[in-house]
Amino acid sequence: MAKNRVLLVLEIVLLLVFISSLVSCGSSRASSPATPAATTPHRLDTGPLGLPLYCPTYVTHDQQGNLYVTDSDKGYKGSHRARIVKLSPTGQLLAEWHVFNTFQSQPALNKGSVITGPGGLAVDASGSIYVADWGDNTIKKLSPTGKVLAIWGKTGSAPGEFSNPQGVAVDAQGNVYVADSLNSRIEKFSSTGTLLAVFGNTGSSAQRLNLPTGIEVDAQGDLYIGDLRNHRLVKFSPEGTFLTAWSGAGGKQFSSAGGVCIDREGNISITDARNFRIVKFSPTGKVLAIWQRPMDYAIFGITGDPQGNIYVAWTPLGPPNFGLRGGIRKLSPSGAVLATWPATCPAG
């Protein structure tokens, strides 16, 4: 009984880390687009200790290989800074956009609005960016230059509503999939926010989910979902039919399966957060590689560039190790570390 309580606490801590700061690789109930929020492009701010990143969690890329990161300082000294950061493939800070109601020098975007923050994000073929905002339970669509074009969704459990949206993915037709985490389901929208489908419900059976986080779409339109609390990688058809699931690799059960990435060959990588590793599968489920402890902390966000390199975001769950408080790490297709861009993620 005590062991179960400890595991539950760890799961809650993991989810809170996703919420407090968090992936992609390579209905009529939805609200009308709101008045676009103000953005602050090219502010080129730095983290609390002067480094480029605060506490990165979700990461994705565009067709040019540029990276987009959701980044928050977890309320460091009451600042509540949160943003989307655009980096070059070599880690150069290209732009940042403050589209969340959290930046300390930015007034509330709307009178009476709540403190909000970034979840998962995805970039479509035209360069538009879709980001989940877990604070006000919406999806925000941005132009390639960071202008807010549309906002849809609201708090709730009815179709088209959200409770802590996390992972976001876009298919070849421009449809947007959202991991509605606390509602334990996936919602599918058009690029303008029209609800198209809802599937999943809380549970551990084949068709059910429990705290879905990462989500990705392959070339055939099939969905791969990090089913965090069921500790598995789940595959669904575009219509929401369960196809298969993988629960572990290398003789070890997954422990908080989170971020998902699909490379140019269709191979799937999953972040096994509490086991501090990344597992790579072929499309048929064969284990191709296990990279143990490529990070110093729990691994969440993951994406892959057009050259097959992998980028992972990691976040500390406790005190910093030698002053390193999370960051982005670039891995070769074989898992070799190519570069590390540290962050200043506040511990605790």
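Before reading on, note that the structure itself is shown above.
My aim in this report is to walk through the structure given alongside it, one point at a time. Per-chain numbering applies: the sequence of each chain, read as written, is numbered from 1 onward. Side-chain atom pairs in this predicted model are given and counted only at pLDDT of 80 or more, local residue features only at pLDDT of at least 70, and totals for whole chains, interfaces and linings cover all residues. The side-chain quantities take in all heavy atoms of the structure and omit both hydrogens and water.

### Structural notes on the overall build of the protein
This is how it is decided: Secondary structure counts use DSSP, requiring at least four H or I residues in a row for a helix and at least two E residues in a row for a strand, with both numbered from the N terminus. Throughout, exposure labels follow a simple rule: accessible area from a 1.4 Å probe, protein chains only, divided by the maximum for the residue type, with under 20% read as buried, over 50% as exposed, and the rest as partly exposed.
The helix and strand tally for the protein stands at one helix and 26 strands. Expressed as a percentage of its 348 residues, the buried residues of the protein come to 60%.

### Focus on unusual backbone geometry
For Asn137, which is not glycine, the phi torsion reads 55° and is therefore positive. On the basis of relative accessible area, Asn137 is assigned to the buried category, the value being 7%. Here the phi dihedral of His231 falls at roughly 55°; this positive angle occurs in a residue that is not glycine. Residue His231 is classed as buried on the basis of its relative accessible area of 15%.

### Points about the sheet that holds strand β1 (residues 56–61)
Convention followed: The pairing criterion for strands is at least two bridges between them, as found by DSSP. Axis definition: a line fitted to C-alpha atoms, limited for helices to the stretch in contact. Angles are taken between N-to-C directions and run from 0 to 180 degrees.
Taken in spatial order, the four strands of this open sheet run β1-β2-β3-β4, and their pairing is antiparallel. Both edges of this open sheet fall to β1 and β4 (93–97), since each of them pairs with a single strand only. The sheet shows a mean angle of 25° between the axes of neighbouring strands, direction not considered. Direction of pairing for strand β2 (residues 67–72) relative to strand β3 (residues 82–87): antiparallel, over a ladder of six bridges. Note on β3: the bridge partner recorded for Val69 is Val85.

### With respect to the side chain of Asp171
The test is simple: Neither His nor the chain ends is counted toward charge; the positive residues are Lys and Arg and the negative residues Asp and Glu. The salt bridge definition used is simple: a Lys or Arg side-chain nitrogen within 4 Å of an Asp or Glu carboxyl oxygen. N or O atoms within 3.5 Å of each other form a polar contact, as long as, within protein, one can give a hydrogen and the other can take it, and as long as residues adjacent in sequence are counted only when both atoms are side-chain atoms. The contact criterion used throughout is that any non-hydrogen atoms of two residues lie within 4.5 Å.
Counting through the fold element by element, Asp171 comes out in the loop between β9 (165–170) and β10 (176–180). One buried charge, Asp171, has no salt-bridge partner; the nearest side chain with opposite charge is Lys188, at 4.8 Å. Separated by 3.4 Å, the side chains of Asp171 and Tyr177 make a polar contact. For Asp171, the residues in contact, after removing those within four places along its chain, are Tyr177 and Val217.

### Regarding the environment of Gly135
With respect to the helices and strands, the residue Gly135 is situated in the loop between β6 (129–133) and β7 (138–142). In this structure Gly135 comes out as partly exposed when scored by relative accessible area, which is 21%. Each C-alpha atom of the pair Gly135 and Pro165 lies 9.0 Å from the other, and the pair is 30 residues apart in sequence.

### Some words on the packing of aromatic side chains
Short version of the rule: Working definition: rings of Phe, Tyr and Trp (its six-membered ring) pair if their centres are within 6.5 Å, and the pair is stacked with planes under 30 degrees apart, edge-to-face with planes over 60 apart, and tilted otherwise. Remark: a charge is flagged as sitting over a ring if the NZ atom of Lys or the CZ atom of Arg is within 6 Å of the ring centre and within 35 degrees of the ring normal.
For the structure on display, the rule yields 10 aromatic pairs. Judged by centre distance (5.5 Å) and plane angle (20°), the rings of Trp246 and Phe281 are stacked. Of this pair, Trp246 sits in strand β16 (residues 242–246) while Phe281 is found in strand β21 (residues 277–281), placing the two residues 35 residues apart along the sequence. Every member of this aromatic cluster is reached through a ring pair, and the members are Tyr130, Trp152, Phe162 and Phe189. Over the ring of Tyr54 we find Arg83, and its NZ or CZ is 3.9 Å from the ring centre.

### Some details on the nonpolar core
Looking at soluble globular proteins, one finds that nonpolar side chains tend to be buried together. For the record, the criterion: Within this scheme, the nonpolar core is defined by two criteria: the residues are buried Ala, Val, Leu, Ile, Met, Phe, Trp, Tyr or Cys, and they are joined through side-chain atoms within 4.5 Å.
Of all hydrophobic cores here, the largest spans 15 residues; its most connected members are Ile84, Trp97, Val99, Leu121, Ile129 and Leu142. Among all residues touching Ile84, those that are not within four sequence positions of it are Val69, Ala95, Glu96, Trp97, Val99, Phe100, Leu121, Val131 and Leu142.

### Focus: the pattern of salt bridges
Enumeration over the complete set of coordinates arrives at 12 salt bridges. Between Glu96 and Arg83 there is a salt bridge whose closest N-O contact spans 2.7 Å. Taken as a pair, Glu96 in strand β4 and Arg83 in strand β3 lie far apart in primary sequence, 13 residues in all. Arg83 shares its class with Glu96; the two are buried. Of the charged contacts in the structure, one is a salt bridge between Glu187 and Arg185, with a shortest N-O distance of 3.3 Å. Judged by relative accessible area, Glu187 falls into the buried class, the value being 0%. A residue is classified by how much of its surface remains accessible, and Arg185, at 7% relative accessible area, is buried. Shared partners join several salt bridges into a network, and the residues in it are Asp71, Arg83 and Glu96.

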